[in-house]
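Results of the structural survey
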Amino acid sequence: MIDRKLADSHSRQKQDEEVLQWVKTHKTELPTPLYLYSEAVLDEAVAAHRALFPENARGFYALKANPQPALVSQFARLGIGGEVTGQAEWELCIAAGLKPANILAGGVVKSLPFLEILCQAGPAAIVIESEAEWARLKQVKNHSQQTKILLRINPGVSFGGLNMAGGSQFGLSTEQALAIAQECRSTAHLELLGLHFYFGSQRLEVDPIVQAVEVVEATIQTFGAAGVPIQVVDLGLGCGVPYLARDKALDGADLREQLQTRWQNPVWADIDIWFEAGRALVARSGYYLTRVIDKKQLHGETFVFLDGGLNVHNPGVGLGGFLRRNPHFHFITNPFSPPEELITLVGNLCTTADTVGTHVTAPFLCEGDMVIIPNAGAYCQTTAMWGFNSQPLFQEGWLASDDSFTLFPPQYQYVLK
Ligand SMILES: Cc1ncc(COP(=O)(O)O)c(C=O)c1O
């Protein structure tokens, strides 16, 4: 176990070094602020997440983590469908070339017009979040085929961290779901495929994930006992990534071992497992690149100004959770720079909240040097304060495994159109 954990961490370090070396070589040509996505890292993250599940499990990428259509296409190339939270993400998936049958329609509140579009298109399934949503779905008249549904279960228990189960507004109680399941049997055009579970995000500990799977197993048994057979269980495990310098990476080897044992439980024998994930699939592939644009001494502190802070990069751990906590940093400086200094890294916004790193020990930075934040592929883009101070936004680019580089149309172009 310890050896595999070490091997995982060495391989991650080696990938980071390769990307940083490439950036160093191409430093002058790269526009900033830039999100650079590495194909090698993305492929590896997908393989590592798949390895948590049985071999035939079907995967969906949660676009909310990063809706960049070019990334959605890359996931499709790897056999991963899309999980969308509404019509805009649905359209991004279609534009990225995904077939409706490979798109899972989630999202907290789906309107009747959106449900009508879905029932015409034929998604992998529609995830029902509430009794009201079920009532809206029943109003849809035209279905191009049987419309498949999953019922999202909120078991009423919480596993801490970024909790989205017990105490949250998401999903149905087991009783509500059972009632819908019974009704579905006699509802034309609608077919109950199974259950959906998503208990929380940014999990860096193995135990809450495994405990959540135990609750899933108990729920499957409850449905079985009520005479409602379940074909599919969709699981969002909420695996996290170490954004902050103090975060420890999730022990993927331990999680893999524990989950692979759990799938042997007879409860899973006749069930197709689907997984949906955002962060675990995309976060590590993204590197946020920003340039030093100014530097000053003030009351004994050294402030280094970057060309993009909070308006283009939020470490994605949730507002209130990131302020004044430092992510990991890499620096690309002049090799002849004097030794290290203690600095505070800030962006270019008129708010003290725009602090990227506080009291960071860094090499001596000059204008034009680069500061790089790894693990920046998920939520950092979409949860940033885009409009504030009307500062320029970010570019996005792809570093392919053959070292070629392509700029993507930035994702905000699709939102701000
Ligand atoms: C229902 C659902 N599925 C999937 C995700 C993606 O989660 P993660 O990025 O933690 O994998 C979320 C995140 O909030 C979610 O709410």
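Residues numbered from 1 in each chain as written. Predicted model: local features only at pLDDT ≥ 70, side-chain atom pairs only at ≥ 80, totals over all residues. Heavy atoms only, no water.

Right, let's talk about the site of the ligand for a bit. Neighbouring residues of the ligand: 13 residues in total, closest Tyr198, Ser201, Glu276, Gly278 and Tyr379. Arg279 has a polar backbone atom sitting 2.9 Å from an oxygen atom of the ligand. In the model, an oxygen atom of the ligand is placed 2.5 Å from a nitrogen or oxygen of the Tyr379 side chain. Contact with the protein chains removes 93% of the 400 Å² of surface that the ligand exposes when unbound. Residue classes in the shell around the ligand are distributed as 5 nonpolar, 3 polar and 5 charged. (Near = heavy atom within 4 Å. Polar contact = N/O pair within 3.5 Å; in protein donor to acceptor, adjacent residues only side chain to side chain. Areas by Shrake-Rupley, 256 points an atom, 1.4 Å probe, with all protein chains shown as cover. Nonpolar A, V, L, I, M, F, W, Y, C, P; charged D, E, K, R; others polar.)

A word on the sheet that holds strand E11 (residues 272-277). The sheet built from 8 strands closes into a barrel, its strands ordered E2-E3-E4-E5-E6-E8-E10-E11 with parallel pairing. Strand-to-strand twist in this sheet, taken as the mean axis angle between neighbours without regard to direction, amounts to 30°. The strands touched by helix H6 (residues 131-139) within the sheet are strand E5 (125-128), strand E6 (147-152) and strand E8 (190-198), with E5 carrying the most contacts at an inclination of about 140°. (Pairing = 2+ DSSP bridges. Helix = DSSP H or I, 4+ residues; strand = E, 2+ residues; numbered from the N terminus. Axes fitted to C-alpha atoms, helices over the stretch in contact; angles between N-to-C directions. Contact = heavy atoms within 4.5 Å.)

What follows covers a nonpolar patch on the surface. On the surface, Tyr414, Val415 and Leu416 cluster together into a nonpolar patch covering about 290 Å² of accessible area. Within the secondary structure, Tyr414 is located in helix H11 (residues 412-415). The class of Tyr414 is partly exposed, set by a relative accessible area of 31%. (Patch = residues over 30% accessible without salt bridge, like charges linked within 9 Å, V, L, I, M, F, W, Y side chains within 5 Å. Salt bridge = Lys/Arg side-chain N within 4 Å of Asp/Glu carboxyl O. Buried < 20%, exposed > 50% of the residue type's maximum accessible area, 1.4 Å probe, protein only.)

What follows concerns helix H7 (residues 174-184). Burial in H7 covers these residues: Thr174, Ala177, Leu178, Ile180, Ala181 and Cys184. When H7 is viewed along its axis, its buried side chains cluster within an angular range of 165° and face the same direction. Of the surrounding secondary structure, the elements contacted by the buried residues of H7 are E5, H6, E6, E8 and helix H8 (206-225). (Arc of directions from axis to C-beta.)

Let us now look at the nonpolar core. Grouped together as the largest cluster of nonpolar side chains are 106 residues, with contacts concentrated most on Leu137, Leu151, Leu235, Trp268 and Leu345. At 8 residues, H8 tops the list of elements feeding residues into this core. Each of two domains, domain 1 (39-283) and domain 2 (284-415), supplies a minimum of three residues to this core. Each residue touching Leu345, except ones within four places of it in the same chain, is listed here: Val304, Leu306, Phe329, Phe331, Thr355, Val356, Gly357, Val360, Leu365 and Val371. Among the nonpolar cores identified, the runner-up in size contains 14 residues, and Leu20, Trp22, Leu30 and Ile372 belong to it. (Core = buried A, V, L, I, M, F, W, Y, C linked by side-chain atoms within 4.5 Å. Domains from an automatic or database assignment.)

With that settled, consider the environment of Gly82. Its location among the elements puts Gly82 in strand E3 (residues 81-84). Through-space distance from the C-alpha of Gly82 to that of Ile271 is 21 Å; in sequence the pair is 189 residues apart. Beyond its immediate stretch of four places on either side in the chain, Gly82 contacts Phe60, Tyr61, Leu63, Cys93, Leu98, Asn102, Ile103 and Leu104.

Glancing now at the pairing of E8. In summary, the side chains of a regular strand alternate between the two faces of the sheet. Where burial is concerned, most of E8 is hidden: 8 out of the 9 residues are buried. Across 6 bridges, the pairing between E6 and E8 is parallel. The residue bridging Thr147 from the neighbouring strand is Leu190, located in E8.

What follows concerns H6. Taken together, the buried positions of H6 are Glu133, Trp134 and Leu137. Here the buried residues of H6 occupy an arc of 100° about the axis, which is enough to place them on one side. In the core, the buried residues of H6 are packed alongside helix H5 (112-121), E5, E6, H7 and E8.

This part covers unusual backbone geometry. At the junction of Thr32 and Pro33, the peptide bond is cis and its omega measures out at -5° in the coordinates. Within the element layout of this structure, Pro33 appears in the loop between helix H1 (2-25) and strand E1 (34-38). With a phi angle near 55°, Gln202 is a residue other than glycine that sits in the positive phi range. In this structure, Gln202 sits in the loop between strand E9 (200-201) and H8.

Attention now moves to the domain arrangement of the protein. Each assigned domain of the protein is listed here: domain 1 (39-283) and domain 2 (284-415). Contact with domain 1, which involves 26 residues of that partner, is made by 29 residues of domain 2. Around 2,500 Å² of area is buried between domain 1 and domain 2 when both sides are counted, 56% of it from carbon and sulfur atoms. At the junction of domain 1 and domain 2, the tally comes to 1 salt bridge. (Buried area = accessible area lost by both parts, 1.4 Å probe.)

Below, the discussion takes up the side chain of Thr290. Structurally, Thr290 can be placed in strand E12 (residues 286-298). Side-chain polar atoms of Thr290 contact the side chain of Asp307, separated by 2.6 Å. For Thr290, the contacting residues outside a window of four places in its chain are Thr32, Leu306, Asp307, Gly308, Asp369, Met370 and Val371.

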